[in-house]
Amino acid sequence: MTDALSAFSSLVLSGAPQRSDAITRFYEKWRGNYLVVDKWLRLQAMAPRKETLDEVRALVEHEAFQINNPNNVYAVLGGFGLGNPYGFHSRGQESYEFFSDLVVTIDKTNPQVCTFAVPIGH
């Protein structure tokens, strides 16, 4: 698993042409392991690319992301907002609005999950 995750991480964080295929294959292989799926979500959210906001939007719509699952929320929002300063700030207001809208949505059902997001917005 360590080797697979390391190789996957390298591809996801790069702009390699195999990136998209690697993301799909990794998910197909590990979709039944929730801990690995959280890593899959987080690594994509942490990719330092201008396109990451679009990818994060797609992740929150993906079958693997459950908005009521705190680990999924931490993986995506934490990975994007805390673990990816370039990707998060490169789109400016667009990223901030997306992030805050998602936090407000989550706050309605699980405000404790959103408490970690407060430092991100400052």
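It should be emphasised that the depicted structure is a prediction, and the values quoted were computed from it without experimental measurement.

### A closer look at the overall build of the chain
Phase 1: Each helix and strand counted, the chain has 8 helices and 0 strands in total.
Phase 2: Along its sequence from the N terminus, the chain presents helices and strands in the succession α-α-α-α-α-α-α-α.
Phase 3: Against the compact-globule benchmark of 14 Å for 122 residues, the chain has a radius of gyration of 14 Å, which places it among compact chains.
Phase 4: When its C-alpha atoms are laid out on the principal axes, the chain stretches across 35 × 30 × 20 Å.
Phase 5: Sorting the 122 residues of the chain into buried and exposed places 42% on the buried side.
Phase 6: By element, 54% of the accessible surface of the chain is carried by carbon and sulfur atoms, the whole surface being about 6,900 Å².
Phase 7: Averaged over its 11 positive side-chain charges, the chain has a centre that lies 4 Å from the centre of its 13 negative ones.

### Observations concerning the packing of aromatic side chains
Phase 1: Under the definition given, this model contains 6 aromatic pairs.
Phase 2: Pairing Phe 8 with Phe 26 gives two aromatic rings, centres 4.1 Å apart and planes at 15°, and the pair type is stacked. With Phe 8 in helix α1 (residues 2-13) and Phe 26 in helix α2 (residues 19-30), this residue pair connects regions lying 18 residues apart in the sequence. For the pair Phe 8 and Phe 26, a shared accessibility class is recorded, and that class is buried.
Phase 3: On the numbers, 5.4 Å between centres and 55° between planes, the contact of Phe 88 with Tyr 96 is tilted.
Phase 4: For Tyr 96, a relative accessible area of 31% gives the class partly exposed.
Phase 5: Among the aromatic residues, those joined into a cluster by ring pairs are Phe 80, Phe 88, Tyr 96 and Phe 99.

### Here we look at the pattern of salt bridges
Phase 1: By the definition in use, this model includes 9 salt bridges.
Phase 2: We note a salt bridge from Asp 54 to Arg 91, for which the minimum N-O separation is 3.0 Å. In this pair, Asp 54 sits in helix α4 (residues 52-61) while Arg 91 sits in the loop between α6 (85-89) and α7 (93-109), placing the two residues 37 residues apart along the sequence.
Phase 3: With a relative accessible area of 40%, Asp 54 lands in the partly exposed category.
Phase 4: In this structure, the salt-bridge partner of Arg 57 is Glu 94, at a minimum N-O distance of 3.2 Å. Here Arg 57 is found in helix α4, whereas its partner Glu 94 is found in helix α7, with 37 residues between them in sequence.
Phase 5: Judged by its relative accessible area of 32%, Glu 94 is partly exposed.

### Brief notes about the confidence of the model for the chain
Phase 1: When pLDDT is averaged across the chain, the result is 90; 95% of the residues are at 70 or more.
Phase 2: Least confident of the elements in the chain is helix α8 (residues 111-114), whose mean pLDDT is 83; most confident is α4, at 97.

Thresholds applied
Residues numbered from 1 in each chain as written. Predicted model: local features only at pLDDT ≥ 70, side-chain atom pairs only at ≥ 80, totals over all residues. Heavy atoms only, no water. Helix = DSSP H or I, 4+ residues; strand = E, 2+ residues; numbered from the N terminus. Rg over C-alpha atoms; globule rule 2.2 N^0.38 Å. Buried < 20%, exposed > 50% of the residue type's maximum accessible area, 1.4 Å probe, protein only. Areas by Shrake-Rupley, 256 points an atom, 1.4 Å probe, with all protein chains shown as cover. Lys, Arg positive; Asp, Glu negative; His and termini not counted. Charge placed at Lys NZ, Arg CZ, Asp CG, Glu CD. Phe/Tyr/Trp six-rings, centres within 6.5 Å; stacked < 30°, edge-to-face > 60°. Salt bridge = Lys/Arg side-chain N within 4 Å of Asp/Glu carboxyl O. pLDDT = per-residue confidence, 0-100.

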